[in-house]
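Below are the chains, spelled out letter by letter.
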Amino acid sequence: MCDNTLIRPSSQYVKLNVGGFLFQTTIGTLTKHDTMFRAMFSGRMDLHTDSEGWIMIDRCGTHFDIILNFMRDGTVTLPETAKGISELLAESKYYCISQLAECCERALPKKERETEPICRVPLITSQKEEQMLISSSTKPVVKLLINRHNNKYSYTTTSDDNLLKNIELFDKLSLRFSCRILFIKDVIGSNEICCWSFYGNGKRVAEVCCTSIVYATDKKHTKVEYPEARIYEETLNIILYEDKHLPDQELVQATSTTRGAMAGSAGLSTYTSDEEEERTGLARLRSNKQNNPT
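Calculation criteria
- Residues numbered from 1 in each chain as written.
- Predicted model: local features only at pLDDT ≥ 70, side-chain atom pairs only at ≥ 80, totals over all residues.
- Heavy atoms only, no water.
- Helix = DSSP H or I, 4+ residues; strand = E, 2+ residues; numbered from the N terminus.
- Expected span 1.5 Å × (residues − 1).
- Buried < 20%, exposed > 50% of the residue type's maximum accessible area, 1.4 Å probe, protein only.
- Pairing = 2+ DSSP bridges.
- Contact = heavy atoms within 4.5 Å.
- Axes fitted to C-alpha atoms, helices over the stretch in contact; angles between N-to-C directions.
- Parallel < 35°, antiparallel > 145°, perpendicular 65-115°, else oblique.
- Left-handed = near helix turned anticlockwise from the far one by under 90°.
- Nonpolar A, V, L, I, M, F, W, Y, C, P; charged D, E, K, R; others polar.
- pLDDT = per-residue confidence, 0-100.
- Core = buried A, V, L, I, M, F, W, Y, C linked by side-chain atoms within 4.5 Å.
- Phe/Tyr/Trp six-rings, centres within 6.5 Å; stacked < 30°, edge-to-face > 60°.
- Salt bridge = Lys/Arg side-chain N within 4 Å of Asp/Glu carboxyl O.

Draft legend 1. Spatial organisation of helix 4 (residues 82–94). An ideal rise of 1.5 Å per residue puts 18 Å on 13 residues; helix 4 measures up with 19 Å between its terminal C-alpha atoms. Considered for burial, the residues of helix 4 that qualify are Ala82, Gly84, Ile85, Leu88, Leu89, Glu91 and Ser92.

Draft legend 2. Geometry of the sheet that holds strand 11 (residues 203–209). On the basis of which strands lie adjacent, the open sheet formed by 5 strands has the order 6-9-7-10-11 and mixed pairing. The sheet is open, and its two borders are formed by strand 6 (123–124) and strand 11, each paired with just one other strand. When strand 10 (residues 194–200) meets strand 11, the two strands line up antiparallel, connected through 6 bridges. Within the sheet, the bridge partner assigned to Ser197 lies in strand 11 and is Glu207. Along the sheet, helix 7 (residues 159–177) makes contact with strand 7 (141–146), strand 9 (182–186) and strand 10, crossing strand 9 at roughly 155 degrees. Where helix 8 (residues 228–238) meets the sheet, it contacts strand 7, strand 10 and strand 11, and its direction lies at approximately 15 degrees from that of strand 10.

Draft legend 3. View of the sheet that holds strand 8 (residues 154–155). With mixed pairing, the 3 strands of this open sheet are ordered in space as 8-13-12. Lying at the two open borders of the sheet, with one neighbouring strand each, are strand 8 and strand 12 (211–216). Across 2 bridges, strand 8 lies against strand 13 (residues 219–224) in parallel orientation. Among the inter-strand pairings, Tyr155 is bridged to a residue of strand 13, identified as Thr222. Sitting on the sheet, helix 7 touches strand 8 and strand 13, and the angle it makes with strand 13 is about 25 degrees.

Draft legend 4. Up close: the packing of helix 4 against helix 5 (residues 98–113). Orientation of helix 4 relative to helix 5, taken along the N-to-C sense of each, is 160 degrees, at an axis distance of 9 Å. As judged from the angle between their axes, helix 4 and helix 5 are roughly antiparallel. By crossing handedness, the relation of helix 4 to helix 5 is classed as left-handed. Note on element contacts: helix 5 touches helix 4 through Leu100, Ala101, Cys104, Glu105, Ala107, Leu108, Lys111 and Glu112, opposite Ala82, Ile85, Ser86, Leu88, Leu89, Ser92 and Lys93. Of the residues assigned to the contact of helix 4 with helix 5, the class counts are 9 nonpolar, 2 polar and 4 charged.

Draft legend 5. Focus on the confidence of the model for the chain. Averaged over the chain, the pLDDT score is 81; the fraction of residues at 70 or greater is 77%. Low confidence marks residues 262–275, where pLDDT is under 50. Its contacts with residues over four positions away, or in another chain, come to 10 contacts.

Draft legend 6. View of the nonpolar core. One finds Leu16, Phe37, Phe41, Phe64, Ile67, Tyr95 and Ile97 to be the most contacted residues of the largest nonpolar core, which totals 29 residues. When residues of this core are traced back to their parent elements, those giving at least two are strand 2 (13–18), helix 1 (27–30), helix 2 (36–40), strand 5 (55–57), helix 3 (64–73), helix 4 and helix 5. Those residues in contact with Phe64 that lie beyond four places of it in its chain are Leu16, Val18, Phe23, Phe37 and Tyr95.

Draft legend 7. Structural detail: the packing of aromatic side chains. Counted under the stated rule, the structure contains 7 aromatic pairs. With a centroid separation of 5.0 Å and an interplanar angle of 55 degrees, the aromatic rings of Phe23 and Phe64 are classed as tilted. Taken together, the positions of Phe23 in strand 3 (residues 21–26) and Phe64 in helix 3 put the pair 41 residues apart, joining distant regions of the chain. Assessed through its relative accessible area of 1%, Phe64 is described here as buried.

Draft legend 8. Spotlight on the pattern of salt bridges. Overall, the coordinates contain 9 salt bridges when judged by the stated rule. Among the salt bridges present, the one from Glu87 reaches Lys83, with a minimum N-O distance of 2.6 Å. Note that Glu87 and Lys83 are positioned in helix 4 at a spacing of 4 residues, about one turn of the helix. Glu87 sits in the partly exposed class, given a relative accessible area of 30%. The exposure class of Lys83 is exposed, given its relative accessible area of 60%.

Below is the structure:
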C-alpha cells in the first residue's frame, strides 16, 4: 500500500518498520533536521505501509534507535566497536544525516587503531552480579563454576588433570562461540568444584556437574570427570536460544531424545548425586566385607 498524503501535525505519531525492527516516533522528530525523513513526510514521496499501518523502510534496523535519538537530541553515544560505527556511518549517509555521519567519520579511525579483544569473559564476583549478567544478556549464557578448594576429601589421581581439561575446554569454546554465546566464569560460587551451567532467555536449561564421590577401601575421594562430548552437546544446544524467542520445542525434544539414545547405545556414563554415589559405595563396602570376612 502506498500513501503520499501530506502529514501535517508534528505531534502526530508514526509507526516505522525498519528491516523488521519496530519503532514509534513523531513527525516532529523525523522532520526536525534536513534529512531524508523530511522529504519522506513532505508528501513528495510514496510511503509504503502494511495492513496494520506500519511504514516500511527497507534498511537494517540494528542502529536505528541511535539514529532516532540523534534526531531527537542532536547528540548520541556511538557504538563501542569499529564495526558498529562503520555500520552506523553507512546508515547515516543513506538517511542524509550529515552531522551524525561526520561524528562517525571522526571516531572511526581512532576506534580502528584500538586493539579490541576477540573475546571477553566476565569473572563473577557476587551472586547478584551473576544474576544481572544472565538476565540482561541478549545471548545464551554458558557458566563454568570452578573452585578446587571446595573439596572436603582428597582427590583421585586423575582429578587434577580433568579439572585443567575442563578449564581448557571452556577457554576454547569461549574463543570459538563468543560472538554467539556469553561465557562467564565463577570462582567463588557454591559448594560445587567443577560444574557447567547453560542458560537461555535468562533461565537455566541444562547443567553438567563434573564431580562425584567415590570410595577407595574405607575412604571417600572426590572425583573430577571430563565429559567433553556432553559439554560440547549442551553448548550447541544452547545456541538454539540465540533468538530472543523460545526455540522450537520439537527441535529441543528431538535433540534431547537423540542425546538419550546416544548415551544408551554408546554406554556413556551418567552423573548421579553425591547421595546416590554414597549409597553405591556403601553397598560395595558391605559386599566386600561379606566376601572377605576378617
